[in-house]
There are 4 protein chains.
Amino acid sequence: MLSFECDYNRGAHPKIMERLLSTNLEALPGYGADVYCTAAKEKIKAACKCPHADVHFLVGGTQTNSVIISSMLHDTEGVIAATTGHVNVHEAGAIEYTRHKVLTLPSHAGKMDARELRAYLETFYADASNSHMVYPGMAYISHPTEYGTLYAKAELEALSAVCREYGIPLFLDGARLGYGIMSKQTDVTLADIARICDVFYIGGTKVGALCGEAVVFTRNNTPKRFTTIVKQHGALLAKGRLLGVQFDTLFEDGLYFEISAHAIEMAEKLKAIFREKGYRFYLESPTNQQFIILENKHMEKLSEQVRFEFWEKADEIHTVVRFATSWSTTEEDIAALAKII
Amino acid sequence: MLSFECDYNRGAHPKIMERLLSTNLEALPGYGADVYCTAAKEKIKAACKCPHADVHFLVGGTQTNSVIISSMLHDTEGVIAATTGHVNVHEAGAIEYTRHKVLTLPSHAGKMDARELRAYLETFYADASNSHMVYPGMAYISHPTEYGTLYAKAELEALSAVCREYGIPLFLDGARLGYGIMSKQTDVTLADIARICDVFYIGGTKVGALCGEAVVFTRNNTPKRFTTIVKQHGALLAKGRLLGVQFDTLFEDGLYFEISAHAIEMAEKLKAIFREKGYRFYLESPTNQQFIILENKHMEKLSEQVRFEFWEKADEIHTVVRFATSWSTTEEDIAALAKII
Amino acid sequence: MLSFECDYNRGAHPKIMERLLSTNLEALPGYGADVYCTAAKEKIKAACKCPHADVHFLVGGTQTNSVIISSMLHDTEGVIAATTGHVNVHEAGAIEYTRHKVLTLPSHAGKMDARELRAYLETFYADASNSHMVYPGMAYISHPTEYGTLYAKAELEALSAVCREYGIPLFLDGARLGYGIMSKQTDVTLADIARICDVFYIGGTKVGALCGEAVVFTRNNTPKRFTTIVKQHGALLAKGRLLGVQFDTLFEDGLYFEISAHAIEMAEKLKAIFREKGYRFYLESPTNQQFIILENKHMEKLSEQVRFEFWEKADEIHTVVRFATSWSTTEEDIAALAKII
Amino acid sequence: MLSFECDYNRGAHPKIMERLLSTNLEALPGYGADVYCTAAKEKIKAACKCPHADVHFLVGGTQTNSVIISSMLHDTEGVIAATTGHVNVHEAGAIEYTRHKVLTLPSHAGKMDARELRAYLETFYADASNSHMVYPGMAYISHPTEYGTLYAKAELEALSAVCREYGIPLFLDGARLGYGIMSKQTDVTLADIARICDVFYIGGTKVGALCGEAVVFTRNNTPKRFTTIVKQHGALLAKGRLLGVQFDTLFEDGLYFEISAHAIEMAEKLKAIFREKGYRFYLESPTNQQFIILENKHMEKLSEQVRFEFWEKADEIHTVVRFATSWSTTEEDIAALAKII
């Protein structure tokens, strides 16, 4: 059975596994105080061209969103997100569990519009009754978005300008950041993101690691007692080395970028074969997630030979499904897919 | 200065004040165990024609919404509300503070549509990834709504039918319930509400009391250890008599209905004088809150002689404002208003 | 039946009732923006000899503790209290409901010892693993304590010195503050408390009001967006006048002190009659709460003629009970009590 | 430098690493739906002799305590623990962060006493004011305790009997469970624990895994929508296989027991050499953690050659330190230690 349903269907990149193996019996301090965490942080700061950044490792995406958002918001504040934002839809209310409201703006193929953000903030501060309302305390965007789309650099800069004008941080969820940075249709680099955003994370789980997300605070803005907060959220790994070793490997010799580029290569081929065969795309995605509209009967038949993900109903007889490539997708996978679609 | 800005601008109805005075020096047990609380509960159950109801007294509206919603939802659940619902907009995130998401449906002049509610629930349960989403655990409506509008009995029944089909309670926020029940354009009685809803509250603060809301659980569905929950929310009054005496008075000889009817009478006159003078209404409200669209310069001038509430910008040169009547509005107030508008 | 079970068994002091009545039909702005709130705040600041204080009104004691503690603590912090502290025992977990731990120190007849507080803080900061622990973020004391006892001025100053050394605020719960200040055995004035503590509240509910507590921030340390926080806790009264009028009356012509002194007078007489008849006191209380040890059979018999409160089992055949006086206790009450004990 | 400071200083047992490697490129479903999670659950149920158990995998100890305790308690309930319990001291308030109080009983070398538990519950239910208190909703014990000590089977049964009498679950934190079960001085088996406790977890992080704890619900008592709760806590791994593969390996051919027994063997040798050299033990521990009292100067000198953990000050010139063995401790480590102490 072919497997294109997601980008977390295999273990870790072989180089990561090798490294975990070769360091396995070293005696190291716990809770992230080991040399691999330290080395990984340095490599990430260098890759971000942001020497004063503060880097922390967490285990998964929802956990990371929950820890960052709750630790950076005041009790009276909520986080602004597009309606389709992961924090608004698919995290089981993890943000509300930390007592903060997700304030929503329209989603434009997964993206937030800077003018709508500004209008929201203007309206809020013009409202005489705003002391009875949730204060907008942060803007959350994902890049790539949940629909595989990307912000242009100018769009990120526009969002950032609004955020700074209103004194709120811009947080970029980079669960699939590698696939965004290495897209063939982007003008945004990792250094741009570090320069433009106040905090973001570099996704490991979906880009070659067994688990792990690297949080980057770019403006000497790490929340007070962040380690204690992480512990309180049950998010502090005793064997922090598991994260350190993985990110140290990912950021050695550009592995993170190389394997992300591979996934993009595979996605481009996947797009090409779907396009050739006349399939309809739900939207144009320049990254590793591709959304195809299938006729329901066709979908059922196809699902006997390849795994993909149900996304949403398109109409009574069509469905939007997702095909994802990743660092682990092979030319053989693509060739096999070409034969059956 | 005339005062039409809200329905909580005066103290309590004189009969309530008299009663507080006449009972003032009686030695009574605390925390709601006094005879007036007991008597008031009985009167409310009778007025609701719901002998098995369980009645509790709380202090204010946001507190009541927070206590009811959080005590009736499972940790994984959110409350469904219209986007304009008070819990979604004007309670400073009090619901999220209890860790529950407010799930929104479109607002139709403040109201939720039963078909849209059904569609939401159907879609949720059809979604294969719903275990990663916030479960819909309750429907919240306000009656009258934040825009003064009312549900028809058939609309309430349709909402209730959907809720029961999906096994979630229907909660009616009755902060201004009296003004809804006594509207000239309603077919909904207090007994209807008790029959149709799973839980609701009868607003006191905005209908003649100094403070106080009477929560009615209609289906032997009072949350476990409700008194402890109320205490934990800081919502348990030591001198529960303050609430008991007020509601006992409001539900004696139909005072609650009588003073509500008076406010409606005043609202009808207010509408008539605005209409006569050619003012534009933002929407048609059959209750005590009236929304008028004023040209901005006119608004400024008017504000020198009468207090009303800014509601929202209509366009660059117009504003929506609210005029509210209440149990305390007099014929003289209306006559004076007629002269200045 | 005589009623000595608590200090909240009657309504409000008659002067408060008169004032509520005389202001009842004035049209006033909501949410504490009325002239009575403003006037009451000025009077309280004057009575505290603390012109830069910031005063806010809340409804009840548990609510006040919850709002103050949660708004002044960082997410990683807990509040230090004596094991017998109200926040630790009798608030149904209201503090933990705001996500903060109550860190406990031994209770000395209800009081916290400054040396033990210092030792706790020293030990905490000496512990290498303290980043995995709850940080001590505030000291909470009650005055009078839950056992009616009082801190000497030197004891308060010692606690304050420790708190300042460690950079944490000292919070004094004054639910019964009047009865402390007017005790015949105290050297602590209201101005002392305002000078020594970082935040405290002046209890109304138990000292003559229907409800209400006046929070005093003494060091320009009001938490950011405090009104929004109060709203979020469901603690913001629409008719804020209810609190303003009451406190304005209590602090006019020294009424608060006068009625507190009366309660103390009554308590002294009550103590005298118990002492004369040879009753055993559980501890020596210089305020309005008196704790008597009764033989169980005697207790049962006595309970047929007078209401008092069960406090705790003393041993198999004895029970500690509480007799409380208040502003409303009369000489007749005391005389009647003398006859039956 | 020798490393005895903890039992999480090395990676995973080599067999686990091999297995992660050999399964690395298999395409597997996410979120714990893979075959290895399924197989691991079956093996654990068999090892527990509890075929109806429900097993879930989480990442770390604090996270597991937080998820289990908060999902099994009612809003009004707290968890009872010994004062030294991990949840009370070293989890940065993670339990309170979920809004539940930790109710404490005295610690007897880390253990809770069944009679004291009964007395606590009896007193609580005898207290007339308990509706204003936090209800005891669960008993939490750790086995081995934070001091390496163990409950005898009769002690666990006595605790369980009290819990059942009062209708609360008994939760056993088994972060180091293997080292308890394989102690030479225990009469408690894994099957006993599954029979006696309502929920417990089998620690992986400290017993040979990179990370991971296996939660076992033994009485068809898995909390409603547990997966959603886990997701909401940010505790659901996308690559659930990481936990499944590790536990499937640990419970294949008794590896978990074998490596735990090895750690115990090493601990016995470590005890012997300390004892021979006349060191003073802080308490008698039958498991892998040994607490030694060192003279401070000696401690400093020793710390130049071997890492151990500061535990607590014993007196002005002595300190309690911890030496821990684990699955990874070697005979060579012990021999080297013998030379330097």
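One structure accompanies this document, and this report is about it. (Residues numbered from 1 in each chain as written. Chains lettered and ligands numbered in written order. Predicted model: local features only at pLDDT ≥ 70, side-chain atom pairs only at ≥ 80, totals over all residues. Heavy atoms only, no water.)

### Focus on the interface of chain A and chain C
Opposite the 21 residues of chain A that make contact, chain C presents 21 residues. Across the chain A/chain C interface, buried area totals approximately 1900 Å², and carbon plus sulfur atoms make up 49% of it. Ranking the residues of chain A by area buried against chain C places Arg99, His132 and Arg225 of chain A at the top, with a combined share of 31%. Notably, a salt bridge pairs Glu77 of chain A with Arg225 of chain C, separated by 3.1 Å at the nearest N-O pair. Counting the contacts that link chain A with chain C gives 10 residue pairs in polar contact (both at pLDDT 80 or more). Among the elements that line the side of chain A that touches chain C, the one with the most residues is helix 10 (residues 226-232) of chain A, at 4 residues. Partitioned by chemical class, the residues of the side of chain A that touches chain C number 7 nonpolar, 8 polar and 6 charged. (Contact = heavy atoms within 4.5 Å. Buried area = accessible area lost by both parts, 1.4 Å probe. Salt bridge = Lys/Arg side-chain N within 4 Å of Asp/Glu carboxyl O. Polar contact = N/O pair within 3.5 Å; in protein donor to acceptor, adjacent residues only side chain to side chain. Helix = DSSP H or I, 4+ residues; strand = E, 2+ residues; numbered from the N terminus. Nonpolar A, V, L, I, M, F, W, Y, C, P; charged D, E, K, R; others polar.)

### Focus on helix 3 (residues 61-72) of chain C
Residues and elements named next belong to chain C. The end-to-end C-alpha separation of helix 3 is 16 Å, in line with the 16 Å expected for 12 residues at 1.5 Å each. With 11 of 12 residues buried, helix 3 lies mostly within the body of the structure. Turning to helix 3, its buried residues number three or more, namely Thr62, Gln63, Thr64, Asn65, Ser66, Val67, Ile68, Ile69, Ser70, Ser71 and Met72. (Expected span 1.5 Å × (residues − 1). Buried < 20%, exposed > 50% of the residue type's maximum accessible area, 1.4 Å probe, protein only.)

### Some points on the interface of chain A and chain D
The interface of chain A with chain D comprises 46 residues on the first partner and 46 residues on the second. Across the chain A/chain D interface, buried area totals approximately 4000 Å², and carbon plus sulfur atoms make up 60% of it. When the buried surface of chain A facing chain D is broken down by residue, Tyr97, Gln232 and Lys239 of chain A rank first, second and third, together holding 19% of it. Inspection of the region where chain A meets chain D yields 0 salt bridges. The tally of links from chain A across to chain D stands at 26 residue pairs in polar contact (both at pLDDT 80 or more). For the side of chain A that touches chain D, the elements supplying multiple residues, two or more each, are helix 1 (14-22), helix 3 (61-72), helix 5 (94-97), helix 10 and helix 11 (241-250) of chain A. For the side of chain A that touches chain D, the element with the most residues is helix 1 of chain A, which contributes 4 residues. Looking at side-chain class alone, the side of chain A that touches chain D contains 21 nonpolar, 17 polar and 8 charged residues.

### Things to note about the relation of the copies chain A and chain D
Note on the copies: chain A fits chain D at an RMSD of 0.0 Å, the axial shift is 0.0 Å, and the rotation between them is 180°. Those values place the two copies in the arrangement expected of a two-fold rotation axis. By residue overlap, the copies meet face to face through one surface: 100% of the interface positions of chain A are interface positions in chain D. (Least-squares fit on C-alpha atoms with pLDDT ≥ 70 in both.)

### Overview of the environment of Phe217 of chain B
Residue and element names in this part refer to chain B. With respect to the helices, strands and loops of the structure, Phe217 is situated in strand 8 (residues 213-217). Taking C-alpha positions, Phe217 is 4.6 Å from Val199, a pair spaced 18 residues apart along the chain. The contacts of Phe217, once residues within four sequence positions are left out, are Ala53, Asp54, His56, Met72, Asp198, Val199, Thr222, Pro223 and Phe226.

Everything listed here is a matter of coordinates, which is why it stays silent on function.
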